[in-house]
Amino acid sequence: MHTHPDRIAILDFGSQYSQLIARRVREANVYCELFPWDAPPEKVQALQPTGIILSGGPNSVYDPGAPSLGDYVLQVGAPVLGICYGMQLLARACGGVVAPSSHREYGQTSIEIQPSRLWAANVPQALSVWMSHGDRVDQVPAGFHTIAHSANTPIAGMADEARGIYAIQFHPEVNHTQHGRDIIDQFLHQVCGCGSSWTSAGIIDESIARIRAQVGTRPVICGLSGGVDSSVTAALVHRAVGDQLTCVFVDTGLLRKGEGEQVIETFQREQGIRLVAVDASEDFLEVLQGVTDPEEKRKRIGEKFVRIFEAQIAGLGIQPAVTNSKTVLLAQGTLYPDVIESRGPERQAAAKIKTHHNVGGLPKDMQFELLEPLRFLFKDEARAVGSALGLPDSIVWRQPFPGPGLAVRILGDVTWERLERLRAADAVLQEELRRADLMRATSQSFAVLLPVRAVGVMGDGRTYSEVIAIRAVTTDDFMTADWARIPYEVLARISSRIVNEVHGINRVTYDITTKPPATIEWE
Ligand code: XMP
């Protein structure tokens, strides 16, 4: 079933870094999947892992009900790397002694390494690593030897080289650990013997084979928003099944200025993809009328989207006999982070904070079978695939834009007048950031229309108008974010242009809140 030559299973014991481990493995050109620690053993074993990595986690192995190590992990016979809590689990499972440490170690720590196959040739004997642990291993199990120590942790790493079991108390996946990537690389390529086949070309070949197998001769519809995810999905599906794909671009009326035209230009004219453009702005405004609750907005928009696709089928000449069952496919740009049932604390919180409409908001009676070719890809991998498929940088490097569009950037009532106001303000912001060459320096930047009015003075008259908040953030993963330090003079230009050019706005504020505690979007 698996077409990847090498496959790493990562068991997630609740560390905030579990996804990062998966990204590092992929960056080393090796395919991996992340499983919750208590995933059914058959599910993990079905991957036939070439190697297994155990993540860290917030618990002590002695906590009642603490996540435990399934017996199968050591029975599979594949090399194992335990990180932090994963090390303590291995020590305990193999008969070592784990005890609370008298000195908790958090942050940067110096360790010294002893010879082991886990250390790549370029890893120096002394290095600075990232630790975050309370418990520690006091005695290695029979068959293991110590491979690293620090001042407070006499056993900061251990190995049973014959069985290919390695464990380290520090986090090689974080940037703060010197040579962390080399250590992961060494485990993957030298200990597990993995090749480097997980590349854009490899991903494309494999995805095409999977798409063809799932689709057969059936028609596929793809909702194209012009964002990175749906664009790469469309390009990939088109490469796999050509004209069996019809893209539906819905102008929800909730898009940014000029976006619709660009999507049509890129996909219809440049990529030669069959594209149906639907102007549904009135429908969306209608379902949003009087709705101010953000989750309700998302739900209604998600539902409307699907209904519009369904309505499009009739016009596409697809036989009703086919549409009666779930035989038409709907291609979606769902990415791996949306799919992972991760146990990291912030993932659980994130999952609760918002229902991303591409995952949670689809109606239950939907008449499509889903095709999700990016389901196992991280964003950077999707971008690389997009570039390899010939999509322009303006699409591949586009900042993320939420599915529900400007509706969640208009706090309060969504009306056409307010949409036009926000679109105009946002266009000014984008133009000025581009002019100052700050687009790539900010991970996401946008204008938000607030549900308040403020007093101002213009000419000789008093105004009582709406307020725009500017949001610009820097982030690696969108789970945490800092506000971008946009130079004052750029902010000054943006503010002055918005209040002068956008009718109905008399005040501009800059949002200087980090995530957490705020989120990136205002709704
Ligand atoms: P927050 O506001 O949760 O945003 O910090 C994190 C990232 O997710 C995007 N976002 C969404 N994307 N549908 C989407 O497709 C949504 O409902 C949605 N809400 C937020 C947001 O733009 C940011 O990049």
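Presented here is a report on the structure given in the accompanying data block. (Residues numbered from 1 in each chain as written. Predicted model: local features only at pLDDT ≥ 70, side-chain atom pairs only at ≥ 80, totals over all residues. Heavy atoms only, no water.)

**Considerations on the overall build of the chain**
Link 1 in the chain: Regarding its fold elements, the chain presents 17 helices and 18 strands.
Link 2 in the chain: Across its three principal directions, the C-alpha atoms of the chain cover 80 × 65 × 40 Å.
Link 3 in the chain: For the chain, with 523 residues in total, the buried portion stands at 55%.
Link 4 in the chain: In the chain, 75% of the contacts between residues at least 6 apart in sequence involve partners at least 24 apart.
Link 5 in the chain: Both charge centroids of the chain, one from 50 positive and one from 61 negative side chains, sit 2 Å from each other. (Helix = DSSP H or I, 4+ residues; strand = E, 2+ residues; numbered from the N terminus. Buried < 20%, exposed > 50% of the residue type's maximum accessible area, 1.4 Å probe, protein only. Contact = heavy atoms within 4.5 Å. Lys, Arg positive; Asp, Glu negative; His and termini not counted. Charge placed at Lys NZ, Arg CZ, Asp CG, Glu CD.)

**Some points on the pattern of salt bridges**
Link 1 in the chain: For the structure on display, the rule yields 27 salt bridges.
Link 2 in the chain: For Glu-265, the salt bridge goes to Arg-269, with nearest N and O atoms at 2.8 Å. Pair noted here: Glu-265 and Arg-269 are both in helix α8 (residues 259–270), with a separation of four residues, about one helical turn.
Link 3 in the chain: Residue Glu-265 is classed as partly exposed on the basis of its relative accessible area of 33%.
Link 4 in the chain: Owing to a relative accessible area of 55%, Arg-269 belongs among the exposed residues under this scheme.
Link 5 in the chain: Ionic pairing is found between Glu-417 and Arg-421, a salt bridge with its closest N-O pair at 3.0 Å. Here Glu-417 pairs with Arg-421, and both are found in helix α16 (residues 416–435), just four residues apart, close to one helical turn. (Salt bridge = Lys/Arg side-chain N within 4 Å of Asp/Glu carboxyl O.)

**Quick word on a negative patch on the surface**
Link 1 in the chain: Taken together, the side chains of Asp-279, Glu-282, Asp-283 and Glu-286 present a region of like negative charge at the surface.
Link 2 in the chain: Ranked by the residues each element gives to the negative patch, the list is headed by helix α9 (residues 281–288), at three residues.
Link 3 in the chain: Topologically, Asp-279 is positioned in strand β12 (residues 275–279).
Link 4 in the chain: Given a relative accessible area of 60%, Asp-279 falls into the exposed group. (Patch = residues over 30% accessible without salt bridge, like charges linked within 9 Å, V, L, I, M, F, W, Y side chains within 5 Å. Areas by Shrake-Rupley, 256 points an atom, 1.4 Å probe, with all protein chains shown as cover.)

**Overview of the environment of Thr-146**
Link 1 in the chain: Here Thr-146 shows up in strand β7 (residues 145–150).
Link 2 in the chain: Owing to a relative accessible area of 22%, Thr-146 belongs among the partly exposed residues under this scheme.
Link 3 in the chain: Considered as a pair, Thr-146 and Gly-461 are 315 residues apart in the sequence and their alpha carbons are 78 Å apart.
Link 4 in the chain: With residues near it in sequence (within four places) discarded, Thr-146 still touches Gln-114, Val-140, Pro-154, Ile-155, Gly-157 and Met-158.

**Side note on the nonpolar core**
Link 1 in the chain: Leu-11, Leu-54, Met-158 and Val-220 are the most contacted members of the largest nonpolar core, which totals 68 residues.
Link 2 in the chain: Contact partners of Leu-54, with chain neighbours within four places excluded, come to Leu-11, Phe-13, Leu-69, Val-73, Val-80, Leu-81, Gly-82, Ile-83, Gly-86 and Leu-90.
Link 3 in the chain: The next biggest cluster of nonpolar side chains, apart from the first, holds 43 residues, and it includes Leu-330, Ile-468, Ile-486 and Val-499. (Core = buried A, V, L, I, M, F, W, Y, C linked by side-chain atoms within 4.5 Å.)

**Description of the packing of helix α1 (residues 18–27) against helix α5 (residues 180–191)**
Link 1 in the chain: In the contact formed by α1 and α5, the axes pass within 10 Å of each other and the chain directions differ by 65 degrees. What the angle tells us is that α1 and α5 run roughly perpendicular. Between α1 and α5 lies a crossing whose hand is right-handed. Residue-level contacts link Arg-24, Val-25 and Glu-27 of α1 to Arg-181, Ile-184 and Leu-188 of α5.
Link 2 in the chain: In terms of residue class, the contact of α1 with α5 is built from three nonpolar, no polar and three charged. (Axes fitted to C-alpha atoms, helices over the stretch in contact; angles between N-to-C directions. Parallel < 35°, antiparallel > 145°, perpendicular 65-115°, else oblique. Left-handed = near helix turned anticlockwise from the far one by under 90°. Nonpolar A, V, L, I, M, F, W, Y, C, P; charged D, E, K, R; others polar.)

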